[in-house]
Amino acid sequence: MYFTGGIAVNDFIRKLTSENWIWSEKEILVEGKSHFTERQFVDAVRFARGAYMEQGITDGERILLMIPAGSLLYVTLYALWSIGATGVLFDSDMDISTRKLCMERAKVKKVIGIKPVIEQCKKYMQDEVMFLSCESCVCFGKKGAAVSGITISPEKEALISFTSGSTGVPKGIVRTFGFLECQREEIKKQFLYEQHDVDFAVMPIFTVTNFIFGIKTVLPAFSLRGPECAASIFENVQKEQVTRMILSPFLAEAMIRYGKQNKIQLCSVRKIFVGGGPMYKHIIDGVMELFPESECYLLYGCSEAEPIALYNMKQLTKEQWQSIETGDGLVAGDMCLPCAIIQNEPGRQYGELDEKAWETLKLTNEVGEIIVSGKHVLSGYMDGIGDKENKIKVGDTVWHRTGDLGRIKEDGVLYLYGRTKAAIHEEGKWFYPFCVESKVYSNFQVKKAAFLLHEGKKTLVVQAEKEEYKKIVEQKEWLDVDKVIYIDEMPMDKKHLSKIDYGALTSRI
């Protein structure tokens, strides 16, 4: 029996283990040379469920997952959910001390991982932690027992992740099954799935949802960080006839370069979403050229609210293109939830506001901090740590502060300007990172550009050929910068490799 996106998350978990639900032979998962049907995937989940229970995992436990994104991770996650346990995930850029702190806060006593990672973890984790090998508990080809009577309440914890902690104490993001259901409904509404779609998946939240939708998912069985990743992605997309993709700007740029070098376009892909970092003109142009038959979308969101805004690149107006090219804001898109712009005061804590104070705080057609609310926006962090700094309560509504600068212009579209703490105020005028950077990308041949305050001066750092660097230096007044610095390699965030790591950059220049 084929299921659609109409099924709720908790109902899907219940049906995974139920003997009364008939699963089809429809191919649902591809990873390298391995192909799995719905039935095979469910059999693996049931087997893993039994294996993990034999190892002592019980309802209500929080389990740290040290498993790379792939079939082992998703089978394990669904197996834990069917037990009633919660999966805990760390960002890839977390250092060891931060990981230990997060484990203590989440009260994690069991770790499931692949064997090489487990051996590394044992070197820095406390002795009382129990380590389990997912390779011995997840086995495709073996069938586990069905279980009836499982109930998953909307309030139950499903997933916990942590922010990197780069700006202070890491914040725990707790997603309940009720929250995942709200997110599933929004993803279904905004991402326009079709019954016979084949999705190339690189972001776990969408992969998890794909299984519930019954959408065939192609998982990359190779590194997405090396220079050779684009060739492997092209091969996967063409071989499996992928119809939809969600990519980071880093992956999009890698594919654009490969496509140009080999004079290849991807015409089988019908929908492409690019998000996780700023989208400058050259990236948008490259995506539309590489995917000529596709609906190409800008995607903006954050860990606490995904998605926030979407926009079809091919519907960008002349005025919107001009905004991108001249440094008047990058297009984020049409908003998927209630969104407001408030005064840019990064260190200020608001707490609860009455209606009068709330109306005074909001801005109209001006640049300020983007805040969002809604059913698929997290209303608070684990143990309340981070709520004072990042949440605003107005009546019964909780608003989340994104830490991003934005503006809702007269066209009703949301535009982006950079991080709130990166804005520079000088002589009564504001200077924003994305504005300066977009002017550079639109007028010069650079690999990377970053604008920041360094030693009290408005500074532009560029990774480019030396001759191009000289041209930029000559135009620094037009760019509204005090100095231009050359760099061999721009430091990028470790999660998506799509955002400038301004902290690391400051220490290098």
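Scroll up to find the structure.
These numbers come from a predicted model, not from an experiment.

Enquirer: Help me understand the nonpolar core, please; the structure alone is not making it clear to me.
Expert: Among soluble globular proteins, nonpolar side chains are generally buried collectively. Judged by nonpolar contacts, the single largest core of 81 residues is most densely connected at Met245, Val287, Phe291 and Leu460. Sort the elements by how many residues they give to this core and helix α10 (residues 249–262) lands first, with six residues. Beyond its immediate sequence surroundings of up to four residues, leucine 460 is in contact with Val436, Val440, Ala449, Ala450, Ile472, Leu479, Val481, Lys483, Val484 and Ile485. By size, the runner-up hydrophobic cluster in this structure holds 66 residues, among which are Trp23, Leu73, Ala106 and Phe177.

Enquirer: Quick question: what am I supposed to make of a negative patch on the surface here?
Expert: Judged by side-chain charge, Glu319, Asp334, Glu410 and Asp411 come together as a negatively charged surface patch. Secondary-structure assignment places glutamate 410 in the loop between β20 (397–408) and β21 (414–419).

Enquirer: Teacher, can you tell me more about empty space enclosed by the protein here?
Expert: Which parts of space are left empty comes out when a probe the size of a water molecule is rolled across the atoms. This structure, assessed with the given rule, holds three cavities of 30 Å³ or more. Lining the largest cavity are 15 residues; nearest its centre among them are Pro278, Tyr280, Tyr441, Lys448 and Ser498. Per-element accounting of the lining of the largest cavity gives the leading share, three residues, to strand β24 (residues 446–454). Estimates place the volume of the second largest cavity at around 70 Å³. Lining of the second largest cavity is provided by Val9, Leu180, Gln183, Arg184, Ile187, Ile205, Val208, Thr209 and Ile212. At the level of secondary structure, the elements contributing two or more residues to the lining of the second largest cavity comprise α7 (177–191) and α8 (204–213). The residue inventory of the lining of the second largest cavity, partitioned by class, reads six nonpolar, two polar and one charged.

Enquirer: Which parts of the structure should I look at to understand the sheet that holds strand β25 (residues 457–464)?
Expert: Where strands meet in a sheet, backbone hydrogen bonds hold them as pairs that are either parallel or antiparallel. The mixed open sheet is built from three strands, whose spatial order is β24-β25-β26. Each end of this open sheet is capped by a strand with a single partner; those strands are β24 and β26 (483–486). Within this sheet the neighbouring strands show an average axis-to-axis angle of 25 degrees, counted without direction. When β24 meets β25, the two strands line up antiparallel, connected through eight bridges. Residue pairing in the sheet places leucine 453 in a bridge with lysine 458 of β25. Helix-sheet contacts for helix α15 (residues 433–443) involve β24 and β25, and the interaxial angle to β24 is about 150 degrees.

Enquirer: Explain the pairing of strand β13 (residues 295–302) here, please?
Expert: For a regular strand, side chains alternate in direction, first toward one face of the sheet and then toward the other. Here β13 lies mainly inside the structure; six of its eight residues are buried. Bridge count for strand β12 (residues 271–275) against β13 is five bridges, and the pairing is parallel. Opposite lysine 271, over in β13, you have glutamate 295 as the bridge partner. Note on the crossover from β12 through helix α11 (residues 281–290) to β13: the handedness is right-handed. Taken together, β13 and the strand that follows it, strand β14 (residues 305–312), pair antiparallel across an intervening segment of two residues.

Enquirer: I tried to follow the packing of helix α1 (residues 9–17) against helix α3 (residues 71–83) on my own but got confused; where do I start?
Expert: Helix-helix packing: each pair is described by the crossing angle between the helix axes and the interaxial distance. Running from amino to carboxyl end, α1 crosses α3 at an angle of 95 degrees, the nearest separation of the two axes being 9 Å. Considered as vectors, α1 and α3 are oriented roughly perpendicular to each other. Contacts between α1 and α3 involve Phe12, Ile13, Leu16 and Thr17 from the first element and Tyr78, Trp81 and Ser82 from the second. Of the residues in the contact of α1 with α3, the class split is five nonpolar, two polar and no charged.

Enquirer: Just to check I follow, could you spell out the sheet that holds strand β3 (residues 62–66) for this structure?
Expert: The six strands lie next to each other as β6-β5-β3-β4-β7-β8, forming an open sheet whose pairing is mixed. Each of the sheet's edge strands pairs with one partner strand only, and the pair in question is β6 (130–133) and β8 (172–176). Pairwise comparison of adjacent strand axes, ignoring direction, gives a mean angle of 25 degrees for this sheet. Both β3 and strand β4 (residues 86–89) contribute to a ladder of three bridges, which runs parallel. Paired with leucine 64 across the strands is valine 88, a residue of β4. Contacting β3, β5 (110–113), β7 (157–162) and β8, helix α4 (residues 96–106) runs over the sheet at an angle of about 155 degrees to β3. Most of the contacts of α7 go to β8, to which it runs at about 80 degrees, and overall it touches β7 and β8.

Enquirer: How should the pattern of salt bridges be read in this particular structure?
Expert: A pair can form between side chains of opposite charge whenever their charged atoms are brought close. Using the criterion set out here, one finds 28 salt bridges in the structure. The salt bridge involving arginine 14 is made with aspartate 11; its shortest N-O contact spans 3.2 Å. Linking arginine 14 with aspartate 11, this pair stays in helix α1, spanning three residues, or about one helical turn. You can call aspartate 11 partly exposed: its relative accessible area is 28%. What you see here is one network of salt bridges that share partners, running through Glu194, Asp197, Arg244, Arg270 and Lys271.

Enquirer: Would you mind showing me how to read unusual backbone geometry here?
Expert: Most peptide bonds are trans, and most residues other than glycine sit at a negative phi. A cis amide bond links glutamate 306 to the next residue, proline 307, at an omega of 0 degrees. Of note, proline 307 is situated in strand β14. Of note in the backbone geometry, leucine 192 takes a positive phi value of approximately 50 degrees without being a glycine. When you line up the elements, leucine 192 lands in the loop between α7 and β9 (198–200). Its relative accessible area of 38% is what places leucine 192 among the partly exposed residues. The phi dihedral of aspartate 480 falls on the positive side, at around 65 degrees, and the residue is not glycine.

Cut-offs and rules
- Residues numbered from 1 in each chain as written.
- Predicted model: local features only at pLDDT ≥ 70, side-chain atom pairs only at ≥ 80, totals over all residues.
- Heavy atoms only, no water.
- Core = buried A, V, L, I, M, F, W, Y, C linked by side-chain atoms within 4.5 Å.
- Buried < 20%, exposed > 50% of the residue type's maximum accessible area, 1.4 Å probe, protein only.
- Helix = DSSP H or I, 4+ residues; strand = E, 2+ residues; numbered from the N terminus.
- Contact = heavy atoms within 4.5 Å.
- Patch = residues over 30% accessible without salt bridge, like charges linked within 9 Å, V, L, I, M, F, W, Y side chains within 5 Å.
- Areas by Shrake-Rupley, 256 points an atom, 1.4 Å probe, with all protein chains shown as cover.
- Salt bridge = Lys/Arg side-chain N within 4 Å of Asp/Glu carboxyl O.
- Lys, Arg positive; Asp, Glu negative; His and termini not counted.
- Charge placed at Lys NZ, Arg CZ, Asp CG, Glu CD.
- 1 Å grid on protein atoms, 1.4 Å probe; cavity = no way out; pocket = protein on both sides within 12 Å on 5 of 7 lines; lining within 4 Å.
- Points joined across faces, edges and corners; volume = space filled by probe spheres on them.
- Nonpolar A, V, L, I, M, F, W, Y, C, P; charged D, E, K, R; others polar.
- Pairing = 2+ DSSP bridges.
- Axes fitted to C-alpha atoms, helices over the stretch in contact; angles between N-to-C directions.
- Right-handed = clockwise from strand over helix to strand, strands pointing away.
- Parallel < 35°, antiparallel > 145°, perpendicular 65-115°, else oblique.

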